[in-house]
Amino acid sequence: MSLSPFRRVTRVLALALALMLVPVVAGGAPAGAQSSKADPNGVARYGINFVNFLFQDNFNPALSTSVDAEFTFFDYIYDTLLNQNKEGTAVVPGLAESYKIVDPSTLELKLRQGLKFNNGDPLTSAEVKASVLYAQANSPGDARRMKTWVNLLEVQTPDPLTVRFVMSKPEAFSLQFQLTLLPGMVVHKSMIDGTATKPVGAGPFQFESYTREQIFKMKKNPNFYNAKKILLGGLDIVNVPLGPEGVAALRSGAIDMVTTDAVTLKQLTGQKQFGTSSMPGNTYYNVYLRLTGPMANVKFRQALSTMLDREAMDEAVQAGFGETTVQPYPKASPYYNKSVAGLYKYSESKAKKLLEESGVPSGTQLSIVYPGQAANVEQLRQAEIIKSQWEKLGLKVNLIPAPDTPAIISQYYNNPSSNGFSATTVGSINPITQVSGRFFAGQFVATNQSSVLPNVEALYLKFQENPKDVAPVLEAVKYMVENAVEIPIAFRNRNLAWDADRLGGPIVAPTEVTDNIELEGVYVKKGK
Amino acid sequence: MLTFIVRRLLALIPLMLIVSFLVFSLVVFLPGDPAESIAGGTDAAPEQIEKVRNELGLDDPLLVQYGRWLGDAVQGDLGTSLYTKRSVADEIVSRFPVTFSVAIGAIFISLVLGMSVGIVAALRQGHFTDRAVIFGTSLGLAMPSFWLALMLIIIFSVNLQWLDSIGYVPFTENPVEWASHLIMPWLALGIGAAASVARQVRGALIDVLDQDYVRTARSKGLAGYKVVGKHALKNAAMPAITVLGIQFAYLLGGTVIIESIFTIPGLGTYVLGAISGRDLPVIQGTVLMMAVIFVVINLVVDILYAVVNPKVRLS
């Protein structure tokens, strides 16, 4: 078959057009298009509050006493052996391209080919081993340092790309998650022998300077394995106060990105000069219950859970950005149990019926502790709504503010007359950690509140033996929700606002706990 | 005069002992167990908590702990930060100039603004200017410094984009940048203090201007500025000195919030971070330092008072 020259040209043009459209249809502008808009020397400025980052100024993850608090800074310099996906629900490759659980006590990693530190030295399994043994040697010296390596028996390095962690306990499953955090960072040998004058890592950026409590300056690391996707010339982390002052710094142009509360984010959403993103994390607003006294009665607990209008609470507390829940896992999690998601829909009449069935008399007094720091408006709002809702059932609710951790421990954990604690449950990508601290034997909460749930613990132990089968976790979730052993309300979103006039690319709010933003593809626009 | 100063210094000893004991007792008065909190809160194992308690010496009787702490403190050793492991005394020494520069600028604004406004109001007593000053100073006293700080940020940083809302540049590095970063903190702290000074000066000057010796000076044909500046203001300055001394001490305390709003790395930011992390040696050391400054400033005010008014040292 022969084509006329005109038809041949038309077909060629059509094919060319189709090829140009493919990347657009497949997911936005092509990387080339982004890099052509990017200023290769552009430095993005990320505002976070340094007050909670109790620095030691050595920037050595193995010596950190604030553990996760320094993650935001360190992750850009060191990266981690494994990473979390943007939703914070799954482990994805990092410096290691793959991992496998060899047996319940052994985790094996395969490093990427050709990894280098920012000074050009190679990063192989030997460097990982030296770094981990260094962190292990330093951890017993201080109760606040990382505990990940306490049960490490041996680090095997059969070849330059393979690392095998052998633990003395069945911790391989948990270790994969830990390696996405501080314990997954590898430091250069000069940081181990103390000869380094500044931090040396294999992350996307390299350390430039630090002005105490002011600014942490980094420039792009050309030796990063994924350097071609880093379009920023540098990154400054700038100390800004949380709340309105931080947003004012964004508005004034002093910074380009800042995490913010939900109400402010809502105000900024739709304004052309700002980009906004809100991502659910694993941390959730929750009412912990002490399963004694009236709370030992399952019908009573179900009545309390049914009496909470979660949607309205989320609107009041998180401007409607949060994901309401009755279980400890968000919808994006593989451990989310759909079958119980519809339980405890808000109904005053149903709640009153359940209360009647429980036999707990109207007028019963409940003492609910909440974190009463002046700045913690969200917790205060949540506690007040809970009080007003439960008082509609005829209960008397006494709210007890506890200003800080020791007060919370004293008022709630160690005070048997408290019935509950309205707060946030700090989430974890590790599905076991997400519940173990409250319901497993030997853990503080369980020990102090008679809240040990043997059924739950047994199911999680079964899951740990074969993590590929999530059925035991789903069953445990069902048990926890049906028995209303706690009253989850909504997952807490992390919110980010940025200067859309200056920054481009796929910017997404950071995951919970770590506060670090993935910067692949993010760029400073030319001329800005 | 020397006897007066020695007497005042001796009186400080029991006062400082009481203050230091109260500061130290923070450990006891604060709810909960700091060792438990430092060891990791609810996740901490009992042996970890015990280890931290032992490290901190929290298992000793309170008076033993106090004696040990005081003994070190008088030798300039305020302990080390639980988190950063840096010397608290060194940190205070390095941060004090920053906080001092915030407070001294604010006191300068309050002095210049407060004195001039107070004098103008007193000289125009009952007129529109006086009423406007009364209204303005009421407003100045009512406005909390943190709110004023936010307003200044919105006006000068967000809308006009003239000044940086965050950061600090040391004077030795760039004096212009230093001043441009501190002008909003100075105003936020200084305006409230200026209102207070203005009211004191206005009231005192009105009283003095009514005195016979002022009338005599006027009848002698002295120029108005000489009557006010040389005769009236000297006597009217007494209450203002007292207010300024107290204001300076309060301004040092006020820097805690202001430093945090403008992210200035002074004592305020330091103590706020320490409170957040339950870093007890830092909290104790910084609060003790603030208390000492407060007491010393009061002493200086008393001495100044005695210099200006001989009746004080005679009594």
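In case you missed it, the structure is sitting above this.
Computed from a prediction, not measured in an experiment: that's the story for all the values here.

K.L.:
Which parts of the structure should I look at to understand the environment of S418 of chain A?
P.N.:
Residue and element names in this part refer to chain A. Position of S418 among the secondary structure elements: in the loop between α13 (405-413) and β16 (420-425). Of the residues examined, S418 reaches a relative accessible area of 1% and is grouped as buried. For the pair formed by S418 and L399, sequence separation is 19 residues and the distance between their alpha carbons is 9.9 Å. Only 3.3 Å separates the side chain of S418 from the backbone oxygen of Y412, close enough to count as a polar contact.

K.L.:
I would appreciate a short explanation of the pairing of strand β5 (residues 106-111) of chain A in the present structure.
P.N.:
Residue and element names in this part refer to chain A. Burial within β5 is extensive, with five of its six residues counted as buried. Between strand β4 (residues 96-103) and the antiparallel strand that follows it, β5, lie two residues. Bridge count between β5 and strand β7 (residues 162-167): five bridges; the pairing is antiparallel. Its bridge partner being in β7, T106 is matched across the sheet by V166.

K.L.:
Sorry, what's going on with helix α1 (residues 2-24) of chain B here?
P.N.:
Note that an α-helix has 3.6 residues per turn; residues three or four places apart therefore point the same way. In a regular helix each residue adds 1.5 Å, so 23 residues correspond to 33 Å; α1 of chain B covers 33 Å between its end C-alpha atoms and thus fits that length. Along α1 of chain B, the helix axis deviates most sharply at I13 of chain B, where the bend reaches about 25°; the proline P14 of chain B sits within four residues downstream.

K.L.:
Hey, could you run me through the environment of S333 of chain A in this one?
P.N.:
Residues and elements named next belong to chain A. Mapped onto the secondary structure, S333 falls in the loop between β13 (323-324) and α11 (348-358). Along the sequence, S333 and L161 sit 172 residues apart, while their C-alpha atoms lie 31 Å from each other. At a separation of 3.0 Å, a polar atom in the side chain of S333 contacts the main-chain amide nitrogen of Y335.

K.L.:
Looking at this structure, I do not really get the packing of aromatic side chains. What am I missing?
P.N.:
Centre distance and the angle of the planes are the two values used to describe a pair of aromatic rings. All names here are of chain A. According to the stated counting rule, one finds 29 aromatic pairs over all chains in the structure shown. Both rings, one in Y288 and one in F421, keep their centres 5.4 Å apart while their planes meet at 35°; by these two values the pair is tilted. With a gap of 133 residues between them, Y288 in strand β12 (residues 274-289) and F421 in strand β16 connect regions that are remote in the sequence. Comparing Y288 with F421, the two get one shared label, buried.

K.L.:
Can you help me understand the sheet that holds strand β6 (residues 152-159) of chain A in this one?
P.N.:
Remark on secondary structure: sheet strands pair via backbone hydrogen bonds, oriented parallel or antiparallel. All names here are of chain A. Pairing is antiparallel in the open sheet, where four strands are placed in the order β4-β5-β7-β6. Here the strands that pair on one side only, and so sit at the sheet edges, are β4 and β6. Averaged over neighbouring strand pairs, the angle between their axes works out to 20° when direction is ignored. In the sheet, β4 pairs with β5 via six bridges, with the strands oriented antiparallel. Bridge pairing in β5 links D103 to T106. Contacts from helix α4 (residues 125-138) reach β5, β6 and β7 within the one sheet, and its direction differs from that of β6 by about 170°.

K.L.:
Before we go on, may I ask you to explain a nonpolar patch on the surface in this structure?
P.N.:
On the surface, L2, V6, L10, I13 and L17 of chain B cluster together into a nonpolar patch covering about 490 Å² of accessible area. You can see L2 of chain B is positioned in helix α1.

K.L.:
I keep staring at the nonpolar core and nothing clicks. Help me out?
P.N.:
One broad rule of soluble globular proteins: the nonpolar side chains tend to lie buried together. Grouped together as the largest cluster of nonpolar side chains are 123 residues, with contacts concentrated most on F165, L235, M257, W390 and Y460 of chain A. Per element, the largest residue contribution to this core is six residues, and it comes from helix α3 (residues 71-78) of chain A. Apart from the residues within four sequence positions on either side, Y460 of chain A is in contact with Y329, P431, I432, V435, F440, V473, A476, V477 and M480 of chain A. Ranked by size, the runner-up nonpolar core spans 73 residues in total, among them Y66, L78, I261 and V282 of chain B.

The rules behind each value
Residues take numbers from 1 onward in each chain, read along the sequence in its written order. The order in which chains are written sets their letters, starting at A; the order in which ligands are written sets their numbers, starting at 1. Whole-chain, interface and lining totals are the exception, using all residues; otherwise, since this is a predicted model, local features are given only for residues with pLDDT of at least 70 and side-chain atom pairs are given and counted only at 80 or more. Excluded from the side-chain calculations are hydrogens and water; all other atoms, namely the structure's heavy atoms, are used. We count a stretch as a helix when DSSP gives it H or I for four or more residues in a row; a strand needs E for two or more, and each element gets its number in order from the N terminus. When a residue's accessible area, from a 1.4 Å probe over protein chains only, is under 20% of the maximum for its type it is buried; when over 50% it is exposed; and in between it is partly exposed. We define a polar contact as two N or O atoms separated by no more than 3.5 Å, with the added condition that, inside protein, one atom must be a possible hydrogen donor and the other a possible acceptor, whereas residues neighbouring each other in sequence contribute only through side-chain atom pairs. For two strands to count as paired, DSSP must find a minimum of two bridges between them. To estimate the expected span of a helix, subtract one from its residue number and multiply by 1.5 Å. The bend at a residue is defined as the angle formed between two axes, one fitted to the seven residues ending at that residue and one fitted to the seven starting there. Here is the rule: rings of Phe, Tyr and Trp (six-membered ring for Trp) pair when centre to centre is within 6.5 Å. Planes less than 30 degrees apart are stacked, more than 60 are edge-to-face, and the remainder are tilted. Between the N-to-C directions of two axes lies an angle of 0 to 180 degrees, each axis being a line fitted to C-alpha atoms and, for a helix, fitted only over the stretch in contact. Any two residues whose heavy atoms approach within 4.5 Å at even a single point are treated as in contact. In this scheme, patches are assembled from residues that exceed 30% relative accessible area and form no salt bridge. Like charges are connected within 9 Å, while nonpolar side chains (Val, Leu, Ile, Met, Phe, Trp, Tyr) are connected within 5 Å. Note on areas: Shrake-Rupley, 1.4 Å probe, and residue coverage restricted to the protein chains presented here. Only one rule defines a salt bridge in this text: a Lys or Arg side-chain nitrogen within 4 Å of an Asp or Glu carboxyl oxygen. Definition used in this section: a nonpolar core is a set of buried Ala, Val, Leu, Ile, Met, Phe, Trp, Tyr and Cys residues joined via side-chain atoms within 4.5 Å.

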